[in-house]
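Residues per chain, in single letters:
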Amino acid sequence: MFLDPSNVIFLRWDFDLEAEIITFELQVRTAGWVGLGVTNRYTNVGSDLVVGGVLPDGNIYFSDQHLVDEDTLAEDGSQDAELQGLTEDAVYTTMRFSRPFRSCDPHDQDITSDTMRVLATYGLDDTLKLDRERTFVKSIFLLQIFHPDDLDVPEDTIIHDLEITDFLIPEDDTTYACTFLPLPIVSKKHHIYKFEPKLVHHNETMVHHILVYACGNASTLPTGISDCYGADPAFSLCSQVIMGWAVGGTSYQFPDDVGISLGTPLDPQWIRLEIHYSNFHNLPGVYDSSGIRMYYTATLRKYDMGVLQLGFFTFPIHFIPPGAESFMSYGLCKTEKFEEMNGAPVPDIQVFGYLLHTHLAGRALQAVQYRNGTQFRTICKDDSYDFNLQETRDLPHLVEIKPGDELLVECHYQTLDRDSLTFGGPSTVNEMCLVFLFYYPRNNISSCMGYPDIIYVAHEMGEEASDPMEGMMAMNNVEWTPENIKKAEKACKEAQQMVIIKTIDEIVENTTGWISEIIPTPRGPCLESSGGKVAPQDKIPAGFRAAPMALSGSETATPRHLPLAALFFGQGALSWLLATLQVGV
């Protein structure tokens, strides 16, 4: 994929899960050096960066480095990137290399999740330094390592837009606009297999997220557009998320054997479209017609899919102290009542993807599975969560959830920049702690979320409270020292969790449970260096392989000096090549 809107930086990648090796091929429209690395959300300092280039005399240079500060690169003591090809032509510099998921070099960042944040950079010449006038840090991109390629695109695809129409965005900081829309009427069963955001040009920065909720067919729905969580509670009906997009996300296509069922008596006929607007500049007179574009087909897939919402029940119990370096919140789900509420046996849930969601104070999330009282696995996690890079992600392997399992969501927050309590709520300056699991086969459970006994928490903090509202109000009386922040976190974790389970037909059941300890997943064994630095004077470059591994989608290995553009030409991408060359001139 291209990593920048100007189509200057193009990246291809493939991986070997058994060997735990990932291979990258970076092509940049420059005659200077290029670099690719792994970074985190908050700073480029410490980024693990592999750099290389071709000198005017044809010699190459290549090394594994890291950013000491925003302006300084330093070579790693251990050279763990293995060069496979480095070429330059009249338009592009192309660098191909591999690296282990976990090297033994402390300067190398682990690739431990199904996503990572890629930092791509390049220079206009071969002077390898971070000169602000000659260097471009173009892309920090959330890369889905395990996203399947070559997904089927049915020939009978039909496109349908679910959109709000000419909505005047209020001048308020935060607006949740909801409307109810019919799904397409079809004469036989179809499957929705892909969705993508439909954003109005110039309004992209104001649209925070878009969610599509399936409505039970017995629901009586209002008309028009209104505040989702305002005076009319009817506009918050329908709670089963079936499609969702948030800031930083793109399109998402389901695996080839999975789709959202459409057109049978059991399928929803209406949806609630929810759009969260953030108009922090209070701009007047802005109209919007954003929404979700869905792709559906009569070519049926094997499984009907569903979405299960987990996490902390957002309102009104959730709070996060100000000035916290770290504060953890927990939401528990107990699946033991699923079959009773579903009205039929619930087959084992096969999870294939997920979407994580907090607001601006969120730093990390994870969902952990317990079976028979014992921690079983981590379903998904992001230790460097970025509010601006949210999208539906694929799991490297299916995760099976059995009836009776417990699911725990942990959210890590930081509020050093805040001097008052942060409460759970819909505004971007409020907080959420949510994980959406994409799974099959579908059942009727829409959400399973938890929150702590706030009266217990208030008492542990030395405050009087006789009901939940008094408990929440009491938090305003606490002096939020570092000691009290940790005390509140401990009390929230030790308190009994109230678990709320809801079906697509708005049937609600409550149960209770307790938070179990989360045992950190141990770091896997690191791989000793198999790469090496390549200096211009090297006669036989260390770590350079004459027959590199073919990337996914190519039938043969890339010839050692074949530019990536030529490879694409050979694969039939002539239109892409011509368009790119036109931009280049």
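Structure: above.
Fair warning: this is a prediction, and the values are worked out from it, not measured in the lab. (Residues numbered from 1 in each chain as written. Predicted model: local features only at pLDDT ≥ 70, side-chain atom pairs only at ≥ 80, totals over all residues. Heavy atoms only, no water.)

Next up on the list: the nonpolar core. Grouped together as the largest cluster of nonpolar side chains are 64 residues, with contacts concentrated most on Phe319, Phe338, Val457, Met475 and Trp480. Ignoring sequence-local partners within four residues, the contact set of Phe319 consists of Phe327, Leu421, Thr422, Phe423, Ile454, Val457, Met472, Met475, Trp480, Ala488 and Cys492. Counting 52 residues, the second largest nonpolar core, distinct from the first, contains Val186, Trp245, Val258 and Ile260. (Core = buried A, V, L, I, M, F, W, Y, C linked by side-chain atoms within 4.5 Å. Buried < 20%, exposed > 50% of the residue type's maximum accessible area, 1.4 Å probe, protein only. Contact = heavy atoms within 4.5 Å.)

Our focus in this paragraph is unusual backbone geometry. Cis geometry marks the peptide bond from Tyr440 to Pro441, where omega comes out at -10°. Along the chain, the position of Pro441 falls in the loop between strand S33 (434-440) and strand S34 (445-452). Of note in this structure, Asn282 is not a glycine but carries a positive phi near 55°. Using a relative accessible area of 35% as the deciding quantity, one classes Asn282 as partly exposed. (Helix = DSSP H or I, 4+ residues; strand = E, 2+ residues; numbered from the N terminus.)

Read across the sheet, 5 strands follow the order S16-S13-S20-S15-S17 without closing on themselves; strand pairing throughout is antiparallel. If you trace the sheet from one side to the other, it starts and ends with strand S16 (225-227) and strand S17 (240-246), each paired once. Geometrically, the sheet is characterised by an average inter-axis angle of 25° between neighbouring strands, direction not taken into account. Both strand S13 (residues 174-182) and S16 contribute to a ladder of 3 bridges, which runs antiparallel. Within S16, the residue paired with Thr179 across the bridge is Ile225. (Pairing = 2+ DSSP bridges. Axes fitted to C-alpha atoms, helices over the stretch in contact; angles between N-to-C directions.)

Turning our eyes to something else, we now look at the pairing of strand S26 (residues 327-334). Most of S26 sits out of view: 8 of its 8 residues are buried. Residues Phe327, Ser329, Gly331 and Cys333 of S26 are buried on one face, and the alternating residues Met328, Tyr330, Leu332 and Lys334, pointing to the opposite face, are buried as well. Of the strand pairs in this sheet, S26 and strand S31 (residues 406-413) are connected by 8 bridges, and their pairing is antiparallel. Along S31, the bridge assignment pairs Met328 with His412.

A word on the side chain of Arg96. Tracing the chain through its elements places Arg96 in strand S8 (residues 93-100). What makes Arg96 buried here is its relative accessible area of 2%. Looking at Arg96, its side chain comes within polar contact range of the side chain of Glu25, at 2.8 Å. (Polar contact = N/O pair within 3.5 Å; in protein donor to acceptor, adjacent residues only side chain to side chain.)

Another aspect to go through is the sheet that holds strand S2 (residues 21-28). Strand order across the open sheet formed by 4 strands is S1-S2-S8-S7, with antiparallel pairing between neighbours. Each edge of the open sheet carries a strand with a single partner, namely strand S1 (9-16) and strand S7 (82-88). On average, each strand axis in the sheet is tilted by 10° relative to the strand beside it, whichever way the strands run. Bridging between S2 and S8 involves 8 bridges; their strand directions are antiparallel. Paired with Glu25 across the bridge in S8 is Arg96.

Positionally, Ile271 belongs in strand S20 (residues 270-278). We classify Ile271 as buried; its relative accessible area is 0%. Expressed as a C-alpha distance, the spacing of Ile271 and Val212, which sit 59 residues apart in the sequence, is 6.4 Å. When neighbours within four sequence positions are excluded, Ile271 is seen to be in contact with Leu162, Thr179, Phe180, Leu181, Leu183, Val212, Tyr213, Ala214, Cys215 and Ile242.

This structure, assessed with the given rule, holds 19 aromatic pairs. With a centroid separation of 6.4 Å and 55° between ring planes, the pair formed by Tyr193 and Tyr295 is classed as tilted. Within this pair, whereas Tyr193 is found in strand S14 (residues 190-198), its partner Tyr295 is found in strand S22 (residues 291-297), the two being separated by 102 residues in sequence. Accessibility expressed as a relative area gives 2% for Tyr193, which makes it buried. Between the NZ or CZ atom of Arg371 and the centre of the ring of Phe376, over which it lies, the distance is 4.3 Å. (Phe/Tyr/Trp six-rings, centres within 6.5 Å; stacked < 30°, edge-to-face > 60°. Lys NZ or Arg CZ within 6 Å of the ring centre and 35° of its normal.)

Summed over the entire model, instances satisfying the criterion amount to 5 disulfides. A sulfur-sulfur distance of 2.0 Å marks the disulfide that ties Cys178 to Cys228. Its S-S torsion of approximately 100° makes the covalent link between Cys178 and Cys228 right-handed. In this pair, Cys178 sits in strand S13 while Cys228 sits in the loop between S16 and S17, placing the two residues 50 residues apart along the sequence. Look at Cys228 and you get buried, because its relative accessible area is 1%. The disulfide partner of Cys333 is Cys448, and the S-S distance across this bridge is 2.2 Å. Taking the sign of the S-S torsion, 105° for the link of Cys333 and Cys448, the bridge is right-handed. Of the two residues, Cys333 sits in strand S26 while Cys448 sits in strand S34, which places them 115 residues apart along the sequence. The burial state of Cys333 is the same as that of Cys448; both residues are buried. Cysteines bonded in the protein are numbered consecutively along the chain; their disulfide partners then correspond to 1-10, 2-4, 3-5, 6-9, 7-8. (Disulfide = S-S within 2.5 Å.)

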